[in-house]
Structure formats: structure tokens, C-alpha cells
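Each chain, letter by letter, is given below.
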Amino acid sequence: NVNNLILAEQSLGRRIIDIVNMVQIFKQNICFGCGFGNLAISLAKQIPKSPVVLVPEVVRALNNHKYYLPTPNIFFSTLAETGLVGVFLLYSFFISVFLSLSKLLKNAIHMNSILVYSLKHFVLLYIILSFYDSQLYFPYGLAMLGVSVGYYYQVKERFKHENTNR
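Because the structure is predicted, anything quoted here is derived from the model rather than measured.

Here is what the cut-offs are and how they apply
Residues numbered from 1 in each chain as written. Predicted model: local features only at pLDDT ≥ 70, side-chain atom pairs only at ≥ 80, totals over all residues. Heavy atoms only, no water. Helix = DSSP H or I, 4+ residues; strand = E, 2+ residues; numbered from the N terminus. Buried < 20%, exposed > 50% of the residue type's maximum accessible area, 1.4 Å probe, protein only. Contact = heavy atoms within 4.5 Å. Areas by Shrake-Rupley, 256 points an atom, 1.4 Å probe, with all protein chains shown as cover. Salt bridge = Lys/Arg side-chain N within 4 Å of Asp/Glu carboxyl O. Patch = residues over 30% accessible without salt bridge, like charges linked within 9 Å, V, L, I, M, F, W, Y side chains within 5 Å. Core = buried A, V, L, I, M, F, W, Y, C linked by side-chain atoms within 4.5 Å. Polar contact = N/O pair within 3.5 Å; in protein donor to acceptor, adjacent residues only side chain to side chain. Axes fitted to C-alpha atoms, helices over the stretch in contact; angles between N-to-C directions. Parallel < 35°, antiparallel > 145°, perpendicular 65-115°, else oblique. Nonpolar A, V, L, I, M, F, W, Y, C, P; charged D, E, K, R; others polar. Phe/Tyr/Trp six-rings, centres within 6.5 Å; stacked < 30°, edge-to-face > 60°.

A. Region of interest: the overall build of the protein. Per the secondary structure count, the protein includes seven helices and zero strands. The buried share among the 166 residues of the protein stands at 40%. When contacts within the protein are restricted to residue pairs at least 6 apart in sequence, long-range pairs at least 24 apart make up 69% of them. Of the roughly 9,900 Å² of accessible surface on the protein, a fraction of 66% belongs to carbon and sulfur atoms.

B. Highlighting the pattern of salt bridges. Here the structure, examined in full by the defined rule, presents two salt bridges. Taking the shortest distance from any N to any O, the salt bridge between Glu57 and Arg14 comes out at 2.7 Å. Here Arg14 lies in helix 2 (residues 10-28) and Glu57 lies in helix 4 (residues 56-64), a separation of 43 residues in the sequence. On the accessibility criterion, Arg14 (13% relative accessible area) is buried. A single network of salt bridges, built from pairs that share partners, joins Arg14, Asp18 and Glu57.

C. Representation of the environment of Ile30. Looking at the secondary structure, you find Ile30 in the loop between helix 2 and helix 3 (39-46). Taking the C-alpha atoms as reference, Ile30 lies 8.7 Å from Val85; in sequence the two are 55 residues apart. Residues in contact with Ile30, not counting those within four places in the same chain, are Gly83 and Leu84.

D. A look at helix 3. Burial runs high along helix 3: six of the eight residues are buried. Those residues of helix 3 not exposed but buried are Leu39, Ala40, Ser42, Leu43, Ala44 and Gln46. Against helix 2, helix 4 and helix 5 (74-107) lie the buried residues of helix 3.

E. Expanded view of a nonpolar patch on the surface. Together, Phe32, Val85, Phe88 and Leu89 make up a nonpolar patch on the protein surface, roughly 450 Å² of accessible area in all. Turning to its location among the elements, Val85 is positioned in helix 5.

F. How the structure looks around the nonpolar core. Tyr91, Leu101 and Val123 are the most contacted members of the largest nonpolar core, which has 38 residues in total. Looking at this core, the elements that each hand over two or more residues are helix 2, helix 3, helix 4, helix 5, helix 6 (110-129) and helix 7 (139-165). Element by element, the count of residues in this core is highest for helix 5, at 13 residues. Excluding anything up to four places from it in sequence, Tyr91 contacts Ile74, Phe75, Ile127, Ser130 and Phe131.

G. The side chain of Asn73, seen in detail. Mapped onto the elements of the fold, Asn73 is located in the loop between helix 4 and helix 5. Separated by 3.1 Å, the side chain of Asn73 and the backbone oxygen of Phe131 make a polar contact.

H. Representation of the packing of helix 2 against helix 5 within the structure. Following both chains from N to C, one finds helix 2 and helix 5 inclined at 5 degrees, their axes separated by 8 Å at the closest point. Here helix 2 is positioned roughly parallel relative to helix 5, judged by the angle of their axes. In this structure, helix 2 contributes Ile19, Met22, Val23, Ile25 and Phe26 to the contact, and helix 5 contributes Phe76, Ser77, Leu79, Ala80, Gly83 and Leu84. Here the contact of helix 2 with helix 5 is composed, by residue class, of nine nonpolar, two polar and no charged.

I. Geometry of the environment of Ala8. As for its placement among the helices and strands, Ala8 is situated in helix 1 (residues 2-8). Along the primary structure Ala8 and Val55 are separated by 47 residues, whereas in three dimensions their C-alpha atoms are 9.6 Å apart.

J. Local environment of the packing of aromatic side chains. Within this structure, the stated rule accounts for eight aromatic pairs. On the basis of an interplanar angle of 80 degrees and a centroid distance of 5.0 Å, the ring pair of Phe75 and Phe76 is categorised as edge-to-face. For the pair Phe75 and Phe76, a shared accessibility class is recorded, and that class is buried. Ring geometry for Tyr91 and Phe131: centres 5.5 Å apart, planes at 25 degrees, overall stacked. Here Phe131 lies in the loop between helix 6 and helix 7 and Tyr91 lies in helix 5, a separation of 40 residues in the sequence. A residue is classified by how much of its surface remains accessible, and Phe131, at 41% relative accessible area, is partly exposed. By the ring-pair criterion, three or more aromatic residues cluster together here, those being Phe75, Phe76, Tyr91, Phe93, Phe94, Phe122, Tyr126 and Phe131.

Quick look at the structure:
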């Protein structure tokens, strides 16, 4: 029983409550969601109608504020805020960075291949963790993603110049 799990393990229960209610918000507008940046207000309206039991921490949060700050989760937050369109665009970006680094790895020399291999697997872990956590919002996650994209474009330009000079 999900309600017993939520009450027994309240930290996990809070995540379950948030995910269930984010899915409910997503169902209300599948294509575009509730709008970027509107999740806290939408959750404050949705959670009182929650299909699962609420832990005391959630009830206190709702009573003290006009908005509700959910537990961090990239996938479900993006799904509720931007719908299928936003999720498709976000994960298309992640996958394109991963595939670009994979293509770059074929042409990299040994020292560069170590860095490219590391960046490629960082992006893969970033994608996997996005279903559970929100590393996207933390500075070190953004910095590593920026390094991955920047490195790809820098090396891509170098390969382009080397190929035209031959």
C-alpha cells in the first residue's frame, strides 16, 4: 500500500507525493504543462486534492505558504511545467550532447579521448540522475555540462580547420 509506505518512510513519501501530484498536473495539460515557473503555485492547488495521503511536513508547508516547493526532480518537474514539448526538447538536448561527444571520441587522440570519454559519461549519468534528482540546478552540474558542450564545439572547430587545410 503506497499510503503506508508514505507514512512509514516520510522522506521517500514526500518524493512520492510530489511525483504523483506533478503527474496529475501534467495530465491537465499534456502538451505544454502548467507553464515554466508555475509549478509551485500549481502544486499548492493540486496537493489538497492529492490521491495519496499527505505527510505532516507537506501539510505544514501548505498551511504556511501560498506556494509549495517540491522535492527536486528534473524529469517530473519539467514534465509538469512544460509538458511533452519541454521534456522532448530538454532530453533532445541532453542526447545530442551525448551523441556529439560519442562522435568526437572517434576522432580524439589519446589524451583528448580520456577527457571526451569522461565528459560523455558525465552526460549519461546526468540523464540517468535527472529521473531522480535535480543536479541540473546545481552550479557544478551546470558547469560540467557547459564544459562538455564547450569542449565539443572547440574541438569540432579544430577538426574542421585541420580537414580543410589538407
